[in-house]
Amino acid sequence: MRTENVKKYFGKFAAVDGVSLSLKEGGIYLLVGPNGCGKTTLVNCLSGIFKPEEGRIYYRDKDITGWEMYKIARLGLVRTFQIASPFLRLTTLENMLVALPDNAGENIFLSLFKPSWLESEISAVRRAAELLRILGLRHVWAMPAKTLSGGELKLLEIGRALMSGGETILLDEPVGSIDPKLCHQIFSHIIRLRDELGITFLVIEHRLEVAAQYADWVFAMDRGKIICEGTAEEVFEDPRVVTSYLGE
């Protein structure tokens, strides 16, 4: 995925002001910056929630600028949100299966002909079970989502993104409001998804002391612009980044 000079305005205010970046497949990228710097607005542009006024967004060599969110998601570019929103009365496994983009068994006509959808249902359950294993959620597969911990709900959100066909996932604060002891566990599962499935991640996170340890590359934003990029050590030692967090 790459962007070229993306701009998003709210009135005369440039929330995203000429952002160009590039992500290689199978990497974990961290997007950092102080509150209000434009991180979430940029992710909203990438995922189709907002349409940028200027610039281009490319994914898999396709110009997806201005595409609707569902079309972008079907291409494999999916986002999660800060607050997990599963179906609370459904089980963990059922929440995973609901995320399938196409389910022949839900078709009113095909549902009458079991052979037409049985194999796909079996395949979907196997896929969900494998993802739950990687995410460390296999032991709660039959539990209602309302009984899961905050950390388990965050992992379930990632699992649903994967079940929907996500191959590049935009994570908005995956360890926000999570017990510090569980933060590293969540990122360890993200590492496994990268290593075992080749998933690419762009992560917005304020808990830098945790996230920086797992990032392959870091982008720092301030006032709508990318002000620095590089390894975690390079970025967090850059005077521009220090100033953006601490002020002039």
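To keep things clear, this report deals only with the structure shown in the data block.

Thresholds applied
One numbering rule holds for all chains: residues counted from 1, following each sequence as written. The predicted origin of the model limits local features to residues at a pLDDT of at least 70 and limits the giving and counting of side-chain atom pairs to 80 or more, whereas totals for whole chains, interfaces and linings rest on all residues. In computing side-chain values, all of the structure's heavy atoms are included and hydrogens and water are not. Pairing between two strands is assigned when DSSP locates at least 2 bridges connecting them. Where helices and strands are cited, they refer to DSSP runs of H or I of at least four residues and of E of at least two residues respectively, numbered from the N terminus. Every residue pair with non-hydrogen atoms within 4.5 Å of one another is taken to be in contact. The convention used is that axes are lines fitted to C-alpha atoms, helices contributing only their stretch in contact, and that angles between N-to-C directions extend from 0 to 180 degrees. Buried, partly exposed and exposed residues are distinguished by accessible area as a fraction of the type maximum, computed with a 1.4 Å probe on protein chains only: under 20%, between the cut-offs, and over 50%, respectively. Throughout this description, the term salt bridge denotes a Lys or Arg side-chain nitrogen within 4 Å of a carboxyl oxygen of Asp or Glu. We define the nonpolar core as a collection of buried residues of types Ala, Val, Leu, Ile, Met, Phe, Trp, Tyr and Cys that are connected through side-chain atoms lying within 4.5 Å of one another. To count toward a patch, a residue needs a relative accessible area above 30% and no salt bridge. Like charges then connect within 9 Å, nonpolar side chains (Val, Leu, Ile, Met, Phe, Trp, Tyr) within 5 Å. Under the convention used here, a 1.4 Å probe and the Shrake-Rupley method define accessible areas, while residue burial counts only the protein chains that appear. Pairing of aromatic rings covers Phe, Tyr and Trp, the last through its six-membered ring, and needs centres within 6.5 Å; plane angles under 30 degrees mean stacked, over 60 mean edge-to-face, and all others mean tilted.

Describing the sheet that holds strand β1 (residues 2-10)
The antiparallel open sheet is built from four strands, whose spatial order is β2-β1-β4-β5. The outermost strands of the open sheet, each flanked by one partner alone, are β2 (13-22) and β5 (62-63). In this structure, strand β4 (residues 54-59) lies alongside β5, joined through two bridges in antiparallel fashion. Counted as the bridge partner of Tyr 59 is Lys 62 from β5. Contacts from helix α1 (residues 39-47) reach β1, β2 and β4 within the one sheet, and its direction differs from that of β2 by about 65°.

A few points about α1
Along α1, eight of the nine residues are buried, which leaves the element largely enclosed by surrounding structure. Within α1, burial applies to Lys 39, Thr 41, Leu 42, Val 43, Asn 44, Cys 45, Leu 46 and Ser 47.

Focus on the pattern of salt bridges
Counted by the stated rule, this structure contains 15 salt bridges. Note that Glu 196 and Arg 192 form a salt bridge whose closest N and O atoms lie 3.4 Å from each other. Separated by four residues within a single helix, Glu 196 and Arg 192 lie in helix α6 (residues 180-197), roughly one turn from each other. Given the relative accessible area of 40%, Glu 196 is considered partly exposed. Note that Asp 238 and Arg 240 form a salt bridge whose closest N and O atoms lie 2.9 Å from each other. By sharing partners, the salt bridges in this structure join Glu 130, Arg 133, Arg 192 and Glu 196 into a single network.

Observations regarding the nonpolar core
Judged by nonpolar contacts, the single largest core of 49 residues is most densely connected at Ile 158, Phe 187, Ile 190, Leu 193 and Phe 201. Every residue in contact with Leu 193, bar those within four places of it in the chain, is listed here: Ile 134, Leu 135, Ile 158, Leu 162, Gly 198, Ile 199 and Phe 201. Within the second largest apolar cluster, 24 residues are counted, among which are Val 6, Val 19, Cys 37 and Leu 46.

Observations concerning a nonpolar patch on the surface
Where nonpolar side chains cluster on the molecular surface, the patch consists of Ile 49, Met 69 and Phe 81 and spans about 240 Å² of accessible area. With respect to the helices and strands, the residue Ile 49 is situated in the loop between α1 and β4.

Brief notes about the packing of aromatic side chains
This model, assessed by the stated rule, comprises three aromatic pairs. Centroid distance Phe 10 to Phe 50: 5.6 Å. Interplanar angle 75°. Geometry classified as edge-to-face. A residue pair is termed long-range when its members are at least 10 positions apart, and Phe 10 in strand β1 and Phe 50 in the loop between α1 and β4 qualify at 40 residues. For Phe 10, a relative accessible area of 39% corresponds to the partly exposed category. With a centroid separation of 5.2 Å and 10° between ring planes, the pair formed by Phe 187 and Tyr 214 is classed as stacked. In this pair, Phe 187 sits in helix α6 while Tyr 214 sits in the loop between α7 (208-211) and β9 (217-222), placing the two residues 27 residues apart along the sequence.

Examining unusual backbone geometry
Even without being a glycine, Glu 173 presents a positive backbone phi close to 50°. Position of Glu 173 among the secondary structure elements: in the loop between β7 (168-172) and α6. Overall, the relative accessible area of 15% leaves Glu 173 in the buried class.

Notes on the sheet that holds strand β6 (residues 77-79)
Spatially, the six strands line up as an open sheet ordered β6-β7-β8-β3-β9-β10, and their pairing is mixed. Looking at the sheet topology across the chains shown, the edges are occupied by β6 and β10 (225-230). Each strand of the sheet is rotated relative to its neighbour by a mean of 20°, with strand direction disregarded. Where strand β3 (residues 28-32) meets strand β8 (residues 200-204), four bridges bridge the pair, whose relative direction is parallel. Its bridge partner being in β8, Leu 30 is matched across the sheet by Val 203. Where helix α5 (residues 150-163) meets the sheet, its contacts fall on β6, β7 and β8, and the angle it forms with β7 comes to roughly 155°. Against the sheet, α6 touches β3, β7 and β8, its axis set at about 155° to β8.

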